[in-house]
Amino acid sequence: MPSNIVILISGSGSNMTAIVRAAAARRWQARFGARVAAVLSNRPEAAGLALAREQGIATGVVDHKAFGSREAFDTALAAAIDAHAPSLVVLAGFMRILTPGFVAHYAGRLVNIHPSLLPAFPGLNTHQRAIDAGCKVAGATVHEVTAELDHGPILAQAVVPVLPEDTAATLAERVLSQEHRLYPQAIEHWLAR
Ligand code: GAR
C-alpha cells in the first residue's frame, strides 16, 4: 500500500529538505512504499517551496490571509492535503495553530517538530527562553500532534548543550542541525512500525 507523505512548511524548509534527502538516500519508496507526495505552505513566499520544486515535488499554497477564520483556512488546507491521500502529514516549521477539527481529521498520522525539549517551552521564542531560564541543555522534540499546542505524545528527542556564550541565534543553529538528523529518523521509525 503506497504511503504518501505531505509536508507542511511556512519558511525556509530546511527540515523538509532533510526529509526529502533521507527519503531518497534511505530508499523509503523501496522499503516502505513511501514518498514525499507534496509540500504545502500557508505562505506564498516560503523559500522551501522553490527547493521542493527543484526536487520535482508537487507544491501548493493555501494562504491563511485569504480566509476569515481558522476553521475556513483549516478546511481549505485539509482539502489541499487530502488531494494527495496522505498516510502521514508532517509539520516542518509550519507556523499556524491548528483547529481541533483539523487535528482530529489527521489523528494518528500528524507529526510535528518543535525546537525545545518538550514539555519545556511550548510555543514561540524557545531558544531565548531556554537561555533566560539558565538551561544547560536544549534540543528538539518530534511529537504526535494533538489538540493542545506542542503537547502530543513524544516520538523522539535530540539534546544539545547550551554554551555560556550562546545567543538565541547560535543555539537555534545548533538545535536545527540536530533537527535535520532527528526528524527523518523519527519519520523512518514511524514508517517502519
Ligand atoms: C525549526 O527549528 C522548527 O523546529 C521550528 O521552526 C523551524 C523551521 O525551520 N518549528 C516551530 O517553531 C514550530 N512551532 P525550517 O523551515 O528550516 O525547517
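About the thresholds
Here the residue numbers are simple positions, counted from 1 along each chain's written sequence. The model is predicted, so local features are restricted to residues of pLDDT at least 70 and side-chain atom pairs to those at 80 or more, both for listing and for counting; the totals for chains, interfaces and linings are taken over all residues. To get the side-chain values, all heavy atoms of the structure are used, and hydrogens and water are removed first. For each residue, the test is whether any non-hydrogen atom lies within 4 Å of the molecule or strand; if one does, the residue is near. Contacts described as polar in this section are N or O atom pairs within 3.5 Å, which, within protein, must combine one atom able to donate a hydrogen with one able to accept it, while residues neighboring in sequence count only if both atoms come from side chains. Here, Shrake-Rupley sampling with a 1.4 Å probe gives the accessible areas, and only protein chains in the shown set may cover a residue. What counts as a helix is a DSSP run of H or I of at least four residues, what counts as a strand is a run of E of at least two, and both are numbered from the N terminus. By the convention adopted, Pro, Cys, Tyr, Trp, Phe, Met, Ile, Leu, Val and Ala count as nonpolar, Lys, Arg, Asp and Glu as charged, and the other residues, Gly among them, as polar. Here, nonpolar core refers to any group of buried Ala, Val, Leu, Ile, Met, Phe, Trp, Tyr and Cys residues whose side-chain atoms link them within 4.5 Å. Exposed residues in this analysis have more than 50% of their type's maximum accessible area, buried residues have under 20%, and partly exposed residues fall in between, with area computed by a 1.4 Å probe over protein chains only. Working rule for contacts: check all heavy atoms of both residues, and any pair within 4.5 Å makes them a contact. Throughout, an axis means a line fitted to C-alpha atoms (over the contacting stretch in the case of helices), and angles, computed between N-to-C directions, take values from 0 to 180 degrees. Here the word oblique covers every angle except those under 35 degrees (roughly parallel), over 145 (roughly antiparallel) and from 65 to 115 (roughly perpendicular). We call a crossing left-handed when the near helix sits turned anticlockwise from the far one by less than a right angle, and right-handed when that turn is clockwise. One less than the number of residues in a helix, times 1.5 Å, gives the span that helix is expected to have. Orient the strands so they point away from the viewer; a crossover is then right-handed if the path from the first strand over the helix to the second runs clockwise. For two strands to count as paired, DSSP must find a minimum of two bridges between them.

**Q** When you look at the site of the ligand in this model, what are you seeing that I'm missing?
**A** Residues in close proximity to the ligand include Ser 12, Gly 13, Ser 14, Asn 15, Gly 93, Met 95, Ile 113, His 114, Pro 115, Leu 176 and Glu 179, which together make up its full environment. Taking Ser 14, its side chain carries an N or O atom lying 2.5 Å from an oxygen atom of the ligand. Asn 15 places a polar main-chain atom, nitrogen or oxygen, 2.9 Å from an oxygen atom of the ligand. Look at the ligand: alone it shows 450 Å² of surface, and the protein chains cover 85% of it. Put simply, the parts of the chain that give the shell around the ligand at least two residues each are helix 1 (14-25), strand 5 (110-114) and helix 7 (168-192). Tallied by class, the residues present in the shell around the ligand amount to four nonpolar, six polar and one charged.

**Q** So what exactly am I meant to see when it comes to the nonpolar core here?
**A** Most often, soluble globular proteins keep nonpolar side chains buried together rather than apart. Formed by 37 residues in total, the largest nonpolar core has its most connected members in Ile 5, Ile 7, Trp 28, Val 90, Tyr 183 and Ile 187. With residues up to four places along the chain from it excluded, the contact list for Trp 28 reads Ile 5, Ile 19, Ala 22, Ala 23, Gly 33, Ala 34, Pro 184, Ile 187, Glu 188 and Leu 191. Counting residues in hydrophobic clusters, the runner-up holds 18 residues, among them Leu 8, Phe 73, Leu 91 and Leu 98.

**Q** Can you walk me through the packing of helix 1 against helix 7 in this structure?
**A** The axes of two packed helices give the description: the angle between them and the distance between them. It is at 9 Å that the axes of helix 1 and helix 7 come closest, and there the two elements cross at 45 degrees. Taken together, the axes of helix 1 and helix 7 lie oblique to each other. By crossing handedness, the relation of helix 1 to helix 7 is classed as right-handed. Residues Ser 14, Asn 15, Ala 18, Ile 19 and Ala 22 of helix 1 form the contact with helix 7, whose own contacting residues are Leu 176, Glu 179, His 180, Tyr 183, Pro 184 and Ile 187. Within the contact of helix 1 with helix 7, the residues separate by chemical class into seven nonpolar, three polar and one charged.

**Q** Help me out: how do you make sense of helix 1 in this one?
**A** Every α-helical turn comprises 3.6 residues, leaving residues that sit three or four positions apart pointing alike. Along its 12 residues, helix 1 runs 16 Å from first to last C-alpha, staying within 8% of the 16 Å computed at 1.5 Å per residue. Once helix 1 ends, the next one or two residues include Arg 27, with phi positive near 55 degrees.

**Q** Could you clarify how one ought to interpret the environment of Glu 188 in this entry?
**A** Positionally, Glu 188 belongs in helix 7. Taking the relative accessible area as the measure of exposure, Glu 188 reaches 10% and is therefore buried. Through-space distance from the C-alpha of Glu 188 to that of Arg 31 is 10.0 Å; in sequence the pair is 157 residues apart. The residues touching Glu 188, leaving out its near neighbours within four places in the chain, are Arg 26, Trp 28, Arg 31 and Phe 32. Engagement of the side chain of Glu 188 in a polar contact is seen with the side chain of Trp 28, the distance being 2.9 Å.

**Q** Teacher, can you tell me more about the pairing of strand 5 here?
**A** Residues in a regular strand point their side chains to alternate faces of the sheet. When you tally the buried positions in strand 5, you get five out of five residues, the bulk of the element. Of the crossover connections in this fold, the one passing from strand 4 (residues 86-91) over helix 5 (residues 100-105) to the parallel strand 5 is right-handed. Direction of pairing for strand 5 relative to strand 6 (residues 137-144): antiparallel, over a ladder of four bridges. Of the residues in strand 6, the one forming a bridge with Ile 113 is Val 142.

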